[in-house]
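Below are the chains, spelled out letter by letter.
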Amino acid sequence: MKVLIYSAKDFEIPYLEKANHGKHKLTFIKESLSSHTAMKSVGYDAISIFSADEACIITIEKLKSFGVKYISLRSVGYDNVNLRAASRLNLRVANVPAYSPHAIAEHAVSLLLSLNRKLITSNQRIKNYNFDLNNLVGFDLNDKTVGIIGTGNIGSVMTKIMHGFGCKLLGCDIEENKDLIHQYDISYTTLEHLCEQSDIISLHVPLNMETHYLINEDLISKMKYGVIIINTARGAVINTEEIIIGLKSGKIGALGIDVYENEKGVFFSDHSSLIPDDDLLITLNAFPNVLITGHHAFLTEEALTNIAETTMHNLDCWKAGKETENELTDIN
C-alpha cells in the first residue's frame, strides 16, 4: 500500500523503515494532519498519524473523499480522532494499544525523583560551582502514600515500581486489578479518598468525557498540603489554571508533567527563537517546583520499536484484507 506518514520525526523514521521491510511504499512528511493538510493524502491508500495530529469530522470527510481507506495511529490515545465519523464513512482506524508501559511509568518516576530530590536545582548550582545544600531537602519515598489514578498497563507498572520503594499504594479505577491487590498490596478506593490520603498522585488515565479536567479545584482542595502531582497521561486530565492556583498557595508542593493541555502546535517543535504567547505555559515554566518534559515519556528504543512494528502490523492486516485486533472503528 501507499502510506503517507504525517508528523514524521527524524528519530522514528529508521524504526518505521526497519519494521516495514519494504512491504509498503512509505512517504514521510513533517506536517501534522489537519483539515488543511488532509489534501496531501491524495493518491494514498492509508495514512499514519501521531497524537498531535487532528482527525476531526471535517478532516475525516476530506480523507474519505481523497480515497484514503485506513488510518494507523502511532499512539495509544485516540482522542484526536473522530471514530464515529470514521466508522460511518468506512475508514478503518487502529492504534498501538501497548507499546511500552515501562517507558511511561519509568519516566513518571523520573519526574517524581527529580522534583523530590531537587535534582534540577542542584545541578544548576553545580554548573556555577555552587555547592550549597540549603533548600535541597527532599523526603524518603519509603512509607509514603502514593495514589495511582488508572491502573491499566502503565498504572500497573507504576504500582510495581512504587511498591519497590516501600510505598503505601492507593488505586482508583473503574475496574480493580486483583493481581495488583495480591502482589503489591494496593488498596482501591474512591477518587476523593485517594486525593485526601496521598502524598504523591500519579495519573495514568485516557482522556475522555469522564477524565477531562479530572483534577480540578474541588479535588485539589481535598489533597494533602504539599502533595506532588505527576501527569504522564494527557494534558487536559488536569485543569492547568486551577493547578497553578494550587501551586501558588503551596497546596501543591510540586508538579511533574510530560503532557500539557495546550501542547498542540507547541510540543515536538523548536520555539526557542520565538516569544511565547501562552501565559499558562509561561507561568508553569516560572515555578522552580514544576518540571515539564515535552511529551517524550514514550521515547525509548523499546517503545519506538514496538510502535513501528504494531503500526506496520495494522497496515499488513489491512493489505491482506483482514481486520487487525487493534481496530477502533466499528465497520461491518
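Residues numbered from 1 in each chain as written. Predicted model: local features only at pLDDT ≥ 70, side-chain atom pairs only at ≥ 80, totals over all residues. Heavy atoms only, no water.

A. Inspection of the pairing of strand S4 (residues 70-73) at higher detail. Side-chain alternation along S4 places Tyr70 and Ser72 on one buried face and Ile71 and Leu73 on a second face that is also buried. In this sheet, S4 lies alongside strand S3 (residues 46-49) in parallel orientation, the contact comprising four bridges. Its bridge partner lying in S4, Ile49 is registered against Leu73. What joins S3 to S4 is helix H2 (residues 57-65), and the crossover it makes is right-handed. As paired strands, S4 and strand S5 (residues 92-94) are joined by three bridges and run parallel to one another. Note that in S5 the partner of Ser72 across the bridge is Ala94. (Buried < 20%, exposed > 50% of the residue type's maximum accessible area, 1.4 Å probe, protein only. Helix = DSSP H or I, 4+ residues; strand = E, 2+ residues; numbered from the N terminus. Pairing = 2+ DSSP bridges. Right-handed = clockwise from strand over helix to strand, strands pointing away.)

B. Broad picture of the pattern of salt bridges. All chains considered together, the criterion is met by twelve salt bridges. Here Arg74 makes a salt bridge to Glu12, at a shortest N to O gap of 3.0 Å. Here Arg74 is found in the loop between S4 and helix H3 (83-88), whereas its partner Glu12 is found in the loop between strand S1 (2-5) and helix H1 (13-20), with 62 residues between them in sequence. Accessibility classification places Arg74 together with Glu12 in one group, the buried group. Across the salt bridge formed by Glu176 and Lys178, the nearest N and O atoms sit 3.5 Å from each other. What makes Glu176 partly exposed here is its relative accessible area of 38%. (Salt bridge = Lys/Arg side-chain N within 4 Å of Asp/Glu carboxyl O.)

C. Up close: the nonpolar core. If you look at the biggest cluster of nonpolar residues, it comprises 31 residues, and the most contacted ones within it are Ile149, Ile215, Ile229, Ile243 and Leu255. Sorting the residues of this core by element identifies strand S7 (168-172), helix H8 (191-197), strand S9 (200-203), helix H9 (217-222), strand S10 (227-231), helix H10 (240-249), strand S11 (252-257) and helix H11 (279-286) as the ones contributing at least two each. With sequence-adjacent residues up to four places away left out, Ile215 is seen in contact with Ile149, Leu203, Ile220, Met223, Ile229, Val237, Ile238, Asn239 and Ile243. Core analysis: the next-biggest nonpolar cluster, separate from the first, contains 23 residues, Leu141, Met162, Ile228 and Ala254 among them. (Core = buried A, V, L, I, M, F, W, Y, C linked by side-chain atoms within 4.5 Å. Contact = heavy atoms within 4.5 Å.)

D. Region of the structure containing H2. If you check which residues of H2 are buried, you get Thr59, Ile60 and Leu63. Buried residues in H2, looked at end-on, bunch into an arc of 100°, giving them a common side. Buried residues belonging to H2 abut S3, S4 and H3. Taken from the residues just after H2, Gly67 is the one with a positive phi, measuring 95°. (Arc of directions from axis to C-beta.)

E. Summary view of the sheet that holds S7. Here seven strands make up an open sheet; going across it, the order is S8-S7-S6-S9-S10-S11-S12 and the pairing parallel. Strands at the two margins of the open sheet, each flanked by one partner only, are strand S8 (187-188) and strand S12 (290-292). Of the pairings in the sheet, the one linking S10 to S11 comprises five bridges and is parallel in character. Counterpart to Asn231 in the pairing with S11 is Ile257. Packed on one face of the sheet, H11 meets S11 and S12 and runs near 120° to S12. (Axes fitted to C-alpha atoms, helices over the stretch in contact; angles between N-to-C directions.)

F. Quick peek at the packing of aromatic side chains. According to the stated counting rule, one finds five aromatic pairs in the structure shown. When the centroid spacing of 6.3 Å and the interplanar angle of 55° are considered together, the rings of Phe11 and Phe298 count as tilted. Of this pair, Phe11 sits in the loop between S1 and H1 while Phe298 sits in the loop between S12 and helix H12 (301-319), placing them 287 residues apart in sequence. Centre to centre, the rings of Tyr70 and Trp318 are 5.0 Å apart; their planes meet at 10°, and the pair counts as stacked. Residue Tyr70 is located in strand S4, and its partner Trp318 is located in helix H12; the two are separated by 248 residues in the primary sequence. The pair Tyr70 / Trp318 is uniform in exposure class, with both members buried. Its guanidinium or amino end placed over the ring of Phe268, Lys9 lies 4.9 Å from that ring's centre, counting from NZ or CZ. (Phe/Tyr/Trp six-rings, centres within 6.5 Å; stacked < 30°, edge-to-face > 60°. Lys NZ or Arg CZ within 6 Å of the ring centre and 35° of its normal.)

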